[in-house]
Amino acid sequence: MKQFAPSCERNKQPILVVLSEILNTRGVILEVGSGSGQHAVHFARGLPHMEWQPSDVAENLPSISAWRAEAGLANLREPSILDLFAGDWPVIEAQAVVCINTIHIVSWQAVESLFAGAGRILAPGGIMYVYGPYRYADRPLEPSNEDFDRWLKARDSSSGVRLFEDVNRLAGQHGLMLAGDRAMPANNRSLWWIKSQQARVRP
Ligand SMILES: C[S@@+](CC[C@H](N)C(=O)[O-])C[C@H]1O[C@@H](n2cnc3c(N)ncnc32)[C@H](O)[C@@H]1O
């Protein structure tokens, strides 16, 4: 049942360093696109003050459950189904939404659904965090990410490395204000936004 992604082993600690810095209040973290479940275990263990809610499309849940069962962490919940093409989200309020290496895999419509959902469920002051490769309007994409983008589009023309400015504009439409943009290993970025303290934005 347990899937294993070598990339998770490489990036989990650098990501945890950022999450530890920016997620310093108590509350629920909803992870969208949890994949194998390796990240969920590592982050729940590293952030014991937070309650980690993994989620993904149904076919990935058995692996996440297997990692969870082995870890035996009190703050790691059973994974829930969250399909960005379906309407239902498994939590109605969260302190943070975390989405790693998924925005370039799914279509733009699903990215819109991700940010709409985050804008809906995040408490004021809550954090939306994403990790992965991004393009920037003012500089060329790194050659490794150009190759990756070509590979993604050959596999699924609706996927691809996203333009930071598009994602940031979308975040703003859902009441999320850019709070950080940090270079990460292997030409990835950590991006995070804070939910405005104003009344909730309804799509
Ligand atoms: C490249 S994997 C990343 C997984 C994990 N976050 C990681 O970093 O290893 C992309 C993830 O997006 C998920 N995904 C694809 N389509 C989705 C959808 N419509 N709704 C939610 N998740 C989706 C996949 O199941 C997969 O877990």
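Being a predicted model, the structure only gives us computed values, none of them experimental.

Engineer: Mind showing me how you'd approach the environment of Ala5 here?
Structural biologist: Locating Ala5 in the fold gives a position in the segment before helix H1 (6–22). The exposure class assigned to Ala5 is partly exposed, which follows from its relative accessible area of 22%. Ala5 sits 58 residues away from Ser63 along the chain, and the two C-alpha atoms are 11 Å apart.

Engineer: Teacher, can you tell me more about the side chain of Ser36 here?
Structural biologist: By the element assignment, Ser36 lies in the loop between strand S1 (27–32) and helix H2 (38–46). On the basis of relative accessibility, which here comes to 9%, the residue Ser36 falls in the buried class. When near neighbours in sequence (up to four residues on either side) are disregarded, Ser36 contacts Gln3, Cys8, Ser63, Ile64 and Trp67.

Engineer: Where do I start with the pattern of salt bridges in this structure?
Structural biologist: Side-chain pairing between opposite charges can occur once the charged atoms of the two side chains come close. On inspection of all chains with the given rule, the structure shows twelve salt bridges. A salt bridge links Glu51 to Arg77, with the nearest nitrogen and oxygen atoms 3.5 Å apart. Here Arg77 lies in the loop between helix H3 (61–71) and strand S4 (80–81) and Glu51 lies in strand S2 (residues 50–53), a separation of 26 residues in the sequence. Accessibility expressed as a relative area gives 28% for Glu51, which makes it partly exposed. Accessibility expressed as a relative area gives 28% for Arg77, which makes it partly exposed. Asp138 is the salt-bridge partner of Arg139, the closest N and O atoms lying 3.5 Å from each other. The class of Arg139 is partly exposed, set by a relative accessible area of 39%.

Calculation criteria
Residues numbered from 1 in each chain as written. Predicted model: local features only at pLDDT ≥ 70, side-chain atom pairs only at ≥ 80, totals over all residues. Heavy atoms only, no water. Helix = DSSP H or I, 4+ residues; strand = E, 2+ residues; numbered from the N terminus. Buried < 20%, exposed > 50% of the residue type's maximum accessible area, 1.4 Å probe, protein only. Contact = heavy atoms within 4.5 Å. Salt bridge = Lys/Arg side-chain N within 4 Å of Asp/Glu carboxyl O.

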